[in-house]
Amino acid sequence: MSDILHNRLAWNAANDSEQDAVIEQINNQIDDLELIATEEFAGGTESHRIAVFEHKVTTIEFVLIPGEGEISPLFVGRTPVTQKQWDKKKGADKRRRVEEMLPMDYVSYKGVLSWLRKVGPDYRLPNEDEWEYFCRAGTTTKYPWGEEMDDKRCWYEMNSNAVPQPVTEHVQYPNAFGLIDIVGNVSELCDSMWKTGDHLARIHRGGNSNSCANHCTSSCRTRIGIKVACADLGFRVVRDCR
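Rules and cut-offs
Residues numbered from 1 in each chain as written. Predicted model: local features only at pLDDT ≥ 70, side-chain atom pairs only at ≥ 80, totals over all residues. Heavy atoms only, no water. Helix = DSSP H or I, 4+ residues; strand = E, 2+ residues; numbered from the N terminus. Rg over C-alpha atoms; globule rule 2.2 N^0.38 Å. Areas by Shrake-Rupley, 256 points an atom, 1.4 Å probe, with all protein chains shown as cover. Lys, Arg positive; Asp, Glu negative; His and termini not counted. Charge placed at Lys NZ, Arg CZ, Asp CG, Glu CD. Pairing = 2+ DSSP bridges. Contact = heavy atoms within 4.5 Å. Axes fitted to C-alpha atoms, helices over the stretch in contact; angles between N-to-C directions. Core = buried A, V, L, I, M, F, W, Y, C linked by side-chain atoms within 4.5 Å. Buried < 20%, exposed > 50% of the residue type's maximum accessible area, 1.4 Å probe, protein only. Polar contact = N/O pair within 3.5 Å; in protein donor to acceptor, adjacent residues only side chain to side chain.

Student: Sorry, what's going on with the overall build of the protein here?
Tutor: Of the regular secondary structure elements, the protein holds 5 helices and 10 strands. The C-alpha atoms of the protein give a radius of gyration of 17 Å, which matches the 18 Å a tight globule of 242 residues would have. With an accessible surface of roughly 10600 Å², the protein has 46% of that area assigned to carbon and sulfur atoms. Within the protein, one finds 29 positive and 37 negative side-chain charges whose respective centroids are separated by 8 Å.

Student: Hey, could you run me through the sheet that holds strand 3 (residues 61-65) in this one?
Tutor: Sheet strands pair by backbone hydrogen bonding; their relative direction is either parallel or antiparallel. Taken in spatial order, the 6 strands line up as 1-2-3-4-10-5 in an open sheet, and their pairing is antiparallel. Both edges of this open sheet fall to strand 1 (33-43) and strand 5 (123-124), since each of them pairs with a single strand only. In this structure, strand 3 lies alongside strand 4 (residues 74-77), joined through 4 bridges in antiparallel fashion. The partner of I65 across the bridge, within strand 4, is L74. In this fold helix 2 (residues 16-29) packs onto strand 1, strand 2 (46-55), strand 3 and strand 4, with an angle of close to 25° to the strand it touches most, strand 2.

Student: Can you help me understand the nonpolar core in this one?
Tutor: Taken as a class, soluble globular proteins show a tendency for nonpolar side chains to be buried jointly. Core analysis: the biggest nonpolar cluster contains 30 residues, and F75, W115, F235 and V237 have the highest contact counts within it. Contributions of two or more residues to this core are made by helix 2, strand 2, strand 3 and helix 4 (109-119). Among the elements that take part in this core, helix 4 stands out by supplying 5 residues, more than any other. If we ignore the near neighbours within four places in the chain, the residues touching F235 are P80, V81, W86, V107, V112, W115, L125, S187, E188 and L189. With 26 residues, the next largest nonpolar core counts L74, V76, C190 and C216 among its residues.

Student: For this particular structure, what's the right way to read the side chain of T58?
Tutor: When you line up the elements, T58 lands in the loop between strand 2 and strand 3. Relative accessible area serves as the criterion here: at 0%, T58 is assigned to the buried category. Side chain to side chain, T58 and H55 meet in a polar contact 2.9 Å long.

Student: Explain the pairing of strand 4 here, please?
Tutor: A regular strand carries its side chains on alternate faces of the sheet. Burial along strand 4 is two-sided: the residues L74 and V76 and F75 and G77 are all buried. By the bridge criterion, 3 bridges tie strand 4 to strand 10 (residues 238-240) in an arrangement that is antiparallel. The partner of L74 across the bridge, within strand 10, is D240.

Student: Please explain the sheet that holds strand 9 (residues 233-234) as it appears in this structure.
Tutor: Strand order in this open sheet of 4 strands is 8-7-6-9, and the pairing throughout is mixed. Only two strands of the sheet have a single partner each, and these edge strands are strand 8 (221-224) and strand 9. Relative to strand 9, strand 6 (residues 187-196) runs parallel, the two being bridged by 2 bridges. Pairing of E188 across the sheet is with G234, part of strand 9.

In structure tokens, the structure reads:
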């Protein structure tokens, strides 16, 4: 894999032909994803030219994001996993409402791992460092777009009626890596531990439709037990790019 994909700034400095050569090389090496587009995404002060792929079975759209520092290049789901995508590899859930484009919520950490095993060995939850990296997409502000809450970009307690909303509603407002609803709507499980005394829990990030604005920032973090399934808790899938 080209070195430019391991460095976000080098990726941005490369011309379209150099980027396209890397994207084509990767597309030729993977069987379960199909290249569908290359787009320019902007958010806050940052912008990136990003390749978009589709998983052939679940129809999850993934963006191929460049790495930075200890973070390797990753395929990241553009949205939280939806009910439609979840049902392609049916798993246990306690969904409260049925609508294909709603993010899948009321799932537990153990339930998500079981579902991911059905999708394939290369698919997993992000760790917390990866999640914050692709949430920020190079920004250093409170939110991925700036310092103030923006009701057009985030579902939270003031505009969501306290329930998750279809992921299609914010397609026109991605972050600088092309990710939709990266904060708000549903909190996203991470494969990182939170230890308090003898108690272990899993971290989730991003806030949800029932959160206040300060809980929907790029830096806010919360926790949940590994067997617990709760409302407004969902997840976003990543795949390593080798």
